[in-house]
Amino acid sequence: MLAIAPNLAQEEGVTAQRKFRLGILGSGKGSNAAAIADACASGEIPGEVVLVASDVENAGILERARARGLEALYIAPGEFRAKVDETAEASFIQALQRAAVDLVVLAGFMRILGGGFLRTFANRVVNIHPALLPAFPGLEAWKQALDYGVKVTGVTVHFVDQGVDTGPVIAQETVPVLPGDTPETLHARIQEVERKIYPASIAALARGEIRVQGRQTVWKRV
Ligand code: GRF
């Protein structure tokens, strides 16, 4: 059981002077990272992206970050296909600690992070999943939904725990599966929703409006 999560904003002493610091990890094109950076720039998120890091050297997420003048870092993932090795994990931890992040935001990060990483950033790692968890965890969730034949799928923002896509749910939104949908059309509509629900969830976390009690997250509506 998770203990009640600290009020992140209060614990980190977010003030008008000190913004909530986000470190984003991703392996792909970076549309979520871009939406989050936009939300910081517009003030929707009272925070700033202080580091973008990737396990893929030529990932779009790093190019997009550099184009925005954000710190963008490639860290070689090591010998495994599905997870980062110990050396890589230590490098990710070091980079995020050096950047003094308040929250680690996984945005299409395709390798599993180990217990050491999650203990270092306990209750401070969030992820976005392109399905309504607990349905369709794992890879290509939009394709799994289409293959299964569901009429409704969606998006889940959740805290990250040791399992694959099993942590407490922060927010969910539905996306209908339409007749004639292909994996590409469905994923594109899911991603439109992701680019709204993820910044909104991070904004609430930055304002200290979300607490975890066991498997439940409680939103303080203001
Ligand atoms: C998103 O669909 C997210 O749900 C999944 O990976 C994808 C990342 O896309 N975990 P992008 O790199 O943010 O465009």
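Residues numbered from 1 in each chain as written. Predicted model: local features only at pLDDT ≥ 70, side-chain atom pairs only at ≥ 80, totals over all residues. Heavy atoms only, no water.

## Brief notes about the site of the ligand
For clarity, the cut-off: Proximity is defined per residue: if any heavy atom of the residue lies within 4 Å of a molecule or strand, that residue is considered near it. Pairs of N or O atoms are called polar contacts if they sit within 3.5 Å, as long as, within protein, a hydrogen donor faces a hydrogen acceptor (for residues adjacent in sequence, only side-chain-to-side-chain pairs). The Shrake-Rupley method, run with a 1.4 Å probe, gives the accessible areas here. Residue values count only the displayed protein chains as cover. Working definition: helices are DSSP H or I runs of at least four residues, strands are E runs of at least two. Numbering for both runs from the N terminus. Under the grouping applied here, Gly and all other residues not named as nonpolar or charged are polar, the nonpolar ones being Ala, Val, Leu, Ile, Met, Phe, Trp, Tyr, Cys and Pro and the charged ones Asp, Glu, Lys and Arg.
In the vicinity of the ligand, the contacting residues are Gly28, Lys29, Gly30, Ser31, Asn32, Gly108, Ile128, Pro130, His187, Gln191 and Glu194. Contact between the ligand and Ser31: an oxygen atom at 2.6 Å from a side-chain N or O atom of the residue. Contact between the ligand and Asn32: an oxygen atom at 2.9 Å from a main-chain N or O atom of the residue. Burial of the ligand by the surrounding chains reaches 89%, relative to a free accessible area of 370 Å². Counting only elements with at least two residues in the shell around the ligand, the list comes to α2 (31–42) and α7 (183–206). At 3 residues, the largest contribution of residues to the shell around the ligand is made by α7. Tallied by class, the residues present in the shell around the ligand amount to 2 nonpolar, 7 polar and 2 charged.

## What to know about the packing of aromatic side chains
Where we set the bar: Any two rings among Phe, Tyr and Trp, with Trp reduced to its six-membered ring, count as a pair given centres within 6.5 Å; such a pair is stacked if its planes are under 30 degrees apart, edge-to-face if over 60, and tilted if neither. Relative accessible area decides the class of each residue, using a 1.4 Å probe on protein chains only: under 20% of the type maximum gives buried, over 50% gives exposed, and in between gives partly exposed. The criterion is that NZ of a Lys, or CZ of an Arg, lies within 6 Å of the ring centre and within 35 degrees of the ring normal, and then a charge sits over that ring.
This structure, assessed with the given rule, holds 3 aromatic pairs. Ring geometry for Phe117 against Phe121: centres 5.1 Å apart, planes inclined by 55°, an arrangement best described as tilted. Among the residues examined, Phe117 registers a relative accessible area of 0% and is labelled buried. According to the relative accessible area criterion, Phe121 is buried, its value standing at 6%. Between the NZ or CZ atom of Lys83 and the centre of the ring of Phe80, over which it lies, the distance is 4.6 Å.

## Thoughts on the packing of helix α6 (residues 141–148) against α7
To keep it simple, the criterion reads: The angle between two axes is taken between their N-to-C directions and runs from 0 to 180 degrees, where each axis is a line fitted to C-alpha atoms and a helix contributes only its stretch in contact. Between 65 and 115 degrees an angle is taken as roughly perpendicular, under 35 as roughly parallel, over 145 as roughly antiparallel, and anywhere else as oblique. If you view the pair so one helix is near and one far, a crossing is left-handed when the near helix is turned anticlockwise from the far one by less than a right angle, and right-handed when it is turned clockwise. Should any heavy atoms of two residues lie within 4.5 Å, those residues are counted as being in contact.
Between α6 and α7, the least distance of the axes is 9 Å, while the angle of their chain directions is 125°. As the angle between them shows, α6 and α7 are arranged oblique. Handedness of the α6/α7 crossing: right-handed. For the pair α6 and α7, contact is made by Trp142, Lys143 and Leu146 and by Pro183, Leu186, His187 and Ile190, respectively. In terms of residue class, the contact of α6 with α7 is built from 5 nonpolar, 1 polar and 1 charged.

## Topic: the layout of surface pockets
Heads up, the condition is: In this analysis the probe radius is 1.4 Å and the grid spacing 1 Å, with only protein atoms considered; a cavity is a set of points the probe fits into but cannot get out of, a pocket is an open set with protein on both sides within 12 Å along at least five of seven lines, and lining residues have an atom within 4 Å of a point. Grid points are joined across faces, edges and corners, and a volume is the space filled by probe spheres set on the points.
Counted as a void, the largest pocket has a volume near 1,000 Å³. Along its surface, the largest pocket is lined by 36 residues, and Gly108, Phe109, Met110, Asn127 and Leu139 are the ones closest to its centre. Taken together, the elements giving at least two residues each to the lining of the largest pocket come down to α2, β5 (125–129), α6 and α7. Residue classes in the lining of the largest pocket are distributed as 15 nonpolar, 14 polar and 7 charged.

Worth remembering: the numbers are spatial, not functional.
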